[in-house]
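Summary of the model geometry
Each chain, written out:
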Amino acid sequence: MSLDWIYYAISWILLTWHSAWDAIGVPVKAVLGTNWAWILAIIFLVVTVRVILFPVFVKQIKSQRAMQALQPKVKELQEKHKGDRETLQKEMMELYRKEKANPLMGCLPMFLQIPVFLGLFHVLRRLDPAKENKTLYGWTVDQFQSASQAKIFTAPIAGKFGSTADELARLGANGTTVKVIAGILVLVMMGTTYLTSRQMILKTGWAEDPQQRMVQRLMLYGIPLSLLISGAIFPIGVIIYWVTNNLFTLGQQQWVLRKFPPLVTNVKPGSTTPRNPVQPAKTGGFLNRAKPAAQVPAKPAAPKVAGPKPGAKPVNPKKSRPAKRQG
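Basis of the calculations
- Residues numbered from 1 in each chain as written.
- Predicted model: local features only at pLDDT ≥ 70, side-chain atom pairs only at ≥ 80, totals over all residues.
- Heavy atoms only, no water.
- Patch = residues over 30% accessible without salt bridge, like charges linked within 9 Å, V, L, I, M, F, W, Y side chains within 5 Å.
- Areas by Shrake-Rupley, 256 points an atom, 1.4 Å probe, with all protein chains shown as cover.
- Salt bridge = Lys/Arg side-chain N within 4 Å of Asp/Glu carboxyl O.
- Helix = DSSP H or I, 4+ residues; strand = E, 2+ residues; numbered from the N terminus.
- Buried < 20%, exposed > 50% of the residue type's maximum accessible area, 1.4 Å probe, protein only.
- Axes fitted to C-alpha atoms, helices over the stretch in contact; angles between N-to-C directions.
- Parallel < 35°, antiparallel > 145°, perpendicular 65-115°, else oblique.
- Left-handed = near helix turned anticlockwise from the far one by under 90°.
- Contact = heavy atoms within 4.5 Å.
- Nonpolar A, V, L, I, M, F, W, Y, C, P; charged D, E, K, R; others polar.
- Phe/Tyr/Trp six-rings, centres within 6.5 Å; stacked < 30°, edge-to-face > 60°.
- Lys NZ or Arg CZ within 6 Å of the ring centre and 35° of its normal.

Okay, a nonpolar patch on the surface next. Together, Met110, Phe111, Ile114, Leu118, Val215 and Met219 line one region of the surface with nonpolar side chains, adding up to about 520 Å² of accessible area. At the level of elements, α6 (108–125) and α10 (210–230) are the ones that each hand at least two residues to the nonpolar patch. Within the secondary structure, Phe111 is located in helix α6. Taking relative accessible area as the criterion, Phe111 reaches 47% and is therefore assigned partly exposed.

So, about the packing of helix α1 (residues 4–24) against helix α2 (residues 36–52). Packed helices, taken two at a time, are described by the angle between their axes plus the distance between the axes. At a minimum axis separation of 8 Å, α1 and α2 run at an interaxial angle of 125 degrees. Overall, the two elements α1 and α2 adopt an arrangement that is oblique. Considering how the two elements wind past one another, α1 and α2 form a crossing that is right-handed. Contact residues: α1 offers Ile10, Ile13, Leu14, Leu15, Trp17, His18 and Trp21, while α2 offers Ala37, Trp38, Leu40, Ala41, Ile42, Phe44, Leu45 and Thr48. Grouping the constituent residues of the contact of α1 with α2 by class yields 13 nonpolar, two polar and no charged.

A positive phi is found at Tyr137, a non-glycine position, where the angle reads about 65 degrees. With respect to the helices and strands, Tyr137 occurs in the loop between α6 and α7 (141–148). On the accessibility criterion, Tyr137 (7% relative accessible area) is buried.

Moving on, we get to the environment of Gly251. Considering the arrangement of structural elements, one finds Gly251 in helix α11 (residues 236–259). Residues Gly251 and Thr196 lie 55 residues apart in sequence; the distance between their C-alpha atoms is 9.4 Å.

So, about the packing of aromatic side chains. The description of an aromatic ring pair rests on the distance of the ring centres and on the angle between the ring planes. For the structure shown, the criterion picks out 13 aromatic pairs. Judged by centre distance (6.2 Å) and plane angle (80 degrees), the rings of Phe121 and Phe234 are edge-to-face. Note that Phe121 is positioned in helix α6 and Phe234 in the loop between α10 and α11, a separation of 113 residues in sequence. Consider the rings of Tyr194 and Tyr221, whose centres lie 6.2 Å apart with planes at 35 degrees: the pair is tilted. Placement of Tyr194 in helix α9 (residues 175–204) and of Tyr221 in helix α10 is noted, with a sequence separation of 27 residues between them. Its relative accessible area of 41% is what places Tyr221 among the partly exposed residues. A connected cluster of aromatic rings, assembled from ring pairs, spans Phe117, Phe121, Phe234 and Trp242. One cation-aromatic arrangement involves Lys179 over Phe161; the distance from NZ or CZ to the ring centre is 5.6 Å.

That's the geometry; what it means functionally is another story.
Here it is as structure tokens:
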């Protein structure tokens, strides 16, 4: 299956945003060793894709909430059909269909972004001055030359940590500079990828099922560590896209988790305290900081008077008073 339509779409969005920043007055020449019009074009490629996928993201949140609410029923089915995997699968699919919950919706936004990532990877990898067909995917020769010379802190966006000496020479780049900038960006990419997974796990809690918990650990530690190796082949422009996408995800998840707190379903029988309590949304005050409640001074307690012991004779207070002296 040809992916040319993706390459044309990514190129069109990049070129449109670059033209927009150029029209606004963003300098074409490098400032602080950076061609900001092209960097902003990559950043707003992320914004464009995330805005397009926002309806899918809303469906993902609704599906996740539905899946959380169904966890007690899922556990009942697992206990009821223990050892009968075929019947269990049928019952679970029927439950999901009846409650309109889709387990695959949680991964759908990520899968839909994979073609965008691959398209940008392919387009930026083509920014080699040695390429003969510079007008592929709707580019003009001037646009191709401008993008191939675009830099971030003097490192070309088409360069990568693993660029060969010949590739660096064609891009007019310094090998040490490219490795330093690419290395820093790869570390930032790993860190933000870890934080996005950690943010969601800390808010929703670790899964009770061992297999699901293993998947959570893989998402939390495995994927960021894999980027340490795969990041060496990513063009710097692609890493900028990945980091921007992670930052967008962090902000979006924070807003959703505050606006729609996850359901608490993993409460042990006989316990009134949830194992993974959900923090309530903070409202009011500067930057959503809750204002401290005014402290009301407590009323002084009345002094306690000891009562008579059982069986004791009542004491007449009048008799206990000392007699007055007569003058």
